[in-house]
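Spelled out, the chains give:
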Amino acid sequence: MKKIIAVVMAAMLVVIPMSSASAQISKETVQEKAQKLAAKIVSDYGVTGLQYAIMDSGSIVLSDSAGVRNKAANAPITKDTMFGIGSVSKMHVTAAAMMLADVGKIDIDQPLVTYIKDFTMADERYKKITPRMLMNHSSGLYGTHYANSMLFDDNDTRSHDELLLRLQSERLKSNPGEYSVYCNDGFQLLEILVEQVSGLSYTEFLDQKVIQPLKLISTKTPLSAFDREKLAKTYYPTMEQALPVENANVIGAGGLYSTAEEITIFGDLLIGNRTNILSEKSSTAMQNPEYRNGVWVPEETNIYNYGLGWDAVSLAPFDDYGIKALSKGGDTIMYHAALTSLPEHNISIAVLSSGGSSIYNSIFATNVLLEYLQEKGKIKEVLPDRTFEPSVKVNMPEEQLTYSGLYGAVGTTIDVEIKNGELKLPALVGGIIPPQTYVYTGKGQFKNNDGNVSISFDKQSNGNTYIKLNSYVDIPGIGQTIMVTYEYQKLDANPLQAATKAAWEKRNGKNYYELGEKINSLFYLSPAILVKNIAVDSENGYASGTKIVDEHTAVNAVEIPVMNGRDAFNLSFHTVNNKEYLTIDGQSYLSEDAVNPIYGGKTSICTIEDNGHAVWFKIGDNSAAKMMSVEAPATGGFVVYDEKGMLVFSSIFNKDKPVALPKGGMIVFGGEAGDVFQISMKK
């Protein structure tokens, strides 16, 4: 989606002298490899600036960058440029909890309610959740409360402050400890645990217990006082000007800022080399294969195998070399990060970027680190990427036909038909693997034409049958990665009563618009979270991946380990004054049927009601192609989309400018209760 043109700027390389001339020559080889990959990521993958560093045995041995910090000034990235690090922040809150365990203030296997007295849920199983389950993603929590968590120039703490209240009315999607699936809310609860046990705010705890002892100067939270100009600028594809500062206000789950060098210093702590801060016992415990405690994909080479905080405690392809590698990736809306550490060799690499993806950063880290290990003599050679032969179709055993049927993941259901030894699947892994046909090649496997993607069916110990994906993905010019995940879960038909079926069929294909999100939220950039399109399969009894219960309610239908069961949700509908509302995670959405066209006359007003809800309008024939000017209050703003849902204007960064209204588009006004917008139209 992003098509950002960036200028590759080579920054000064910082190299700590080594003990021999040959080591210096070797370093240049690693440097050249890193610079080549960094330039490719910046030129081809929507990255404005990229920063990376390697720490070896306590010393920074490589520190470099590509791209720019600020397009307008053509300013290069330096080693002091700060980035958001997204979910790499989970390692900080995990370490904080383990530090409390080190001094006997918590036991990570005691119930969470021991430490957070006001933690309750509408599901008695919540009493079994432990801090360990928060750190290894096995708590059974639905996933993430995103509301008002990602804001421009705004460190509003309501996402943190309201979490316990929101959880009070919610249930779990599985038994605590049954399986691990990525869960942001668990790390938000860890943040609250650290605060309630230590008596400090989380920002204060990090500053006193981690940042000052490690002598870090650029690791901050949105609540820290620091010069925001040190942050790498971020950009939206259709806009030249830099965006305002991104605040990820889910601090424990993904809110920190830092630099690549400081992340490697923190990585040194994580692998057990700063025992004055984090004990060796806790460091080792964080590296244990926690994913084995519950349902998981069969143990194969993979980039996913959870520890405590870590995404991987046996990262591929380092296991091919007999090397234990730890990994954590992180993504906010605009920033992306990766940390890879080799505890047995005391080496860590961090890669941070503005734009792009943590997947690119992780592959970069792997390739540069392997080159470094070869030059140090730790491995004999860097193995080539896997290659594959085109798939050859063979006769399929009849029992494979039993796997045909209805499957679901969070947000979607699909019908899988196996016929003549073939099956078709939609795009997988967020679109990285395109829609295609897979043919049966023997041993229970269906493969794509190139042979690099394998599909099979697993019946797990929990009684569920899953579609398993085993894929080697090539990112051109960057490298190869492997992912083994469960993509879908087999579902039973859910026959509906006639009245229930009719009620849901009326909602099929309709959009529902979020009302409670602040207008300075980053989610307005690409509002997939703010606009819910309801896809109803009334014959099977499902809606947008949820199982229909009655005329007004549908609940999460899947329990999928690893990634595809994350961020589950329920759907609940109600009607007020003939307007239908949808509630998800405590947030209200308004049906498109209740959204009016904006008035196309010369002047009008829009007022934010006492409930503070945003106001959505359609752009009809009477207003399309007109120039709209708005006098907005200081606390308010508005956003305009075209008919495809692409952002064309936001008053947050297009202040005091008129906007041409695209036919079939949408407008949303947001602000504080009582805010009034004066709207003018002209041809």
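Here, every reference points to the structure presented above.
These numbers come from a predicted model, not from an experiment. (Residues numbered from 1 in each chain as written. Predicted model: local features only at pLDDT ≥ 70, side-chain atom pairs only at ≥ 80, totals over all residues. Heavy atoms only, no water.)

(A) View of unusual backbone geometry. Ala316 connects to Pro317 through a cis peptide bond whose omega is 5°. One non-glycine residue, Ser57, lies in the positive phi region at around 55°. Look at Asn578: it is not a glycine, yet its phi comes out positive at around 65°. In this fold, Asn578 is placed in the loop between strand S25 (571-576) and strand S26 (579-584). Accessibility expressed as a relative area gives 78% for Asn578, which makes it exposed. (Helix = DSSP H or I, 4+ residues; strand = E, 2+ residues; numbered from the N terminus. Buried < 20%, exposed > 50% of the residue type's maximum accessible area, 1.4 Å probe, protein only.)

(B) Highlighting the environment of Pro597. By the element assignment, Pro597 lies in strand S28 (residues 596-597). Once the C-alpha coordinates of Pro597 and Asn622 are considered, the two residues, 25 residues apart in sequence, prove to be 8.6 Å apart. Pro597 has contacts with Phe617 and Lys618, leaving out every residue within four places of it along the chain. (Contact = heavy atoms within 4.5 Å.)

(C) Structural context of the environment of Val676. Mapped onto the secondary structure, Val676 falls in strand S36 (residues 676-682). C-alpha separation for the pair Val676 and Lys663, spaced 13 residues apart in sequence, amounts to 25 Å. Dropping the residues within four chain positions of it, Val676 is found in contact with Ile605, Cys606, Thr607, Glu631 and Pro633.

(D) Summary view of the pattern of salt bridges. Within this structure, the stated rule accounts for 21 salt bridges. Connected through salt bridges with shared partners, the residues Asp154, Asp156, Arg158 and Lys518 form a single ionic network. (Salt bridge = Lys/Arg side-chain N within 4 Å of Asp/Glu carboxyl O.)

(E) Quick peek at the sheet that holds strand S9 (residues 335-342). Taken in spatial order, the six strands of this open sheet run S3-S2-S1-S10-S9-S8, and their pairing is antiparallel. Edge strands, defined here as strands with exactly one partner in the open sheet, are strand S3 (75-76) and strand S8 (326-331). As paired strands, S8 and S9 are joined by six bridges and run antiparallel to one another. Looking at the pairing, Asp331 lines up with His336 of S9. (Pairing = 2+ DSSP bridges.)

(F) Molecular detail of the side chain of Glu290. In this fold, Glu290 is placed in the loop between helix H10 (280-286) and S8. A distance of 2.8 Å separates a polar atom in the side chain of Glu290 from a polar atom in the side chain of Arg132. A distance of 2.8 Å separates the side chain of Glu290 from the side chain of Asn136, its partner in a polar contact. The contact partners of Glu290, leaving out residues within four places of it in the chain, are Arg132, Asn136, Ala285, Tyr306, Gly307 and Leu308. (Polar contact = N/O pair within 3.5 Å; in protein donor to acceptor, adjacent residues only side chain to side chain.)

(G) Fine view of the pairing of strand S17 (residues 465-475). The element S17 is extensively covered by neighbouring structure, given that ten of its eleven residues are classed as buried. Strand direction decides the pairing type here: strand S16 (residues 453-459) and S17, joined by seven bridges, are antiparallel. Bridged to Phe457 within S17 is Ile467. The hairpin formed by S16 and S17 contains five residues between the paired strands, and Gly463 there has a positive phi angle of roughly 90°. Where S17 and strand S18 (residues 479-490) come together, ten bridges link them in antiparallel fashion. When the sheet's bridge partners are listed, Asn470 is paired in S18 with Val484. From the end of S17 to the start of S18, which pair antiparallel, there are three residues, and Gly477 there has a positive phi angle of about 85°.

(H) Spotlight on the packing of aromatic side chains. Within this structure, the stated rule accounts for 23 aromatic pairs. Members of the aromatic cluster, joined through ring pairs, are Tyr403, Tyr407, Tyr440, Phe446 and Phe457. Above the ring of Phe187, the side-chain terminus of Lys90 is found at 5.5 Å from the ring centroid. Between Arg507 and the ring centre of Trp504, over which it is positioned, the NZ or CZ distance is 4.8 Å. (Phe/Tyr/Trp six-rings, centres within 6.5 Å; stacked < 30°, edge-to-face > 60°. Lys NZ or Arg CZ within 6 Å of the ring centre and 35° of its normal.)

(I) Local environment of the sheet that holds strand S30 (residues 615-618). Reading across the sheet, the five strands line up as S28-S30-S35-S32-S33 and stay open at both edges, with mixed pairing between neighbours. The sheet is open, and its two edges are formed by S28 and strand S33 (647-650), each paired on a single side. With five bridges connecting them, strand S32 (residues 637-641) and strand S35 (residues 666-670) associate as antiparallel partners. Note that in S35 the partner of Phe638 across the bridge is Phe669.

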